[in-house]
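Structural features, examined
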Amino acid sequence: PPPPIEVTVVCCEPPSEVRWVGGIPGVPFLRGAHVFRFESLPERRTRLQNRESFSGALSGLFMCLLGRTYRRTYEAFNRGLAARVGGGLPTGGAP
């Protein structure tokens, strides 16, 4: 199984944004920052921007070794969420 990840919510501004940062406990060389931004659109629709970035000495190695797999998983999440809420095509945001 994957290692546990600890996260801290750093911003929660309903209804427009949720942001958190985190990483693997005891591994300070790889950190992630994630944001969901919600934008109100006409016809009772909402655009979700789902973005994540990595920092730290191991971030380049992480993306080199696992970046392709990570992107596919990230994009599958976005497609699944779009299908679940019944609309739209997911756009961008994968690292």
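Quick summary incoming for the structure in this document.

1. Here we look at the pattern of salt bridges
- Considering all chains together, one arrives at 3 salt bridges under this definition.
- Arg19 serves as the salt-bridge partner of Glu17, at 2.7 Å between the closest nitrogen and oxygen.
- Across the pair Arg37 and Glu17 runs a salt bridge, and its minimum N-O distance is 2.9 Å. Of this pair, Arg37 sits in strand 3 (residues 31-41) while Glu17 sits in strand 2 (residues 17-23), and the two are 20 residues apart along the sequence.
- One network of salt bridges, in which partners are shared, links Glu17, Arg19 and Arg37.

Analysis parameters
- Residues numbered from 1 in each chain as written.
- Predicted model: local features only at pLDDT ≥ 70, side-chain atom pairs only at ≥ 80, totals over all residues.
- Heavy atoms only, no water.
- Salt bridge = Lys/Arg side-chain N within 4 Å of Asp/Glu carboxyl O.
- Helix = DSSP H or I, 4+ residues; strand = E, 2+ residues; numbered from the N terminus.

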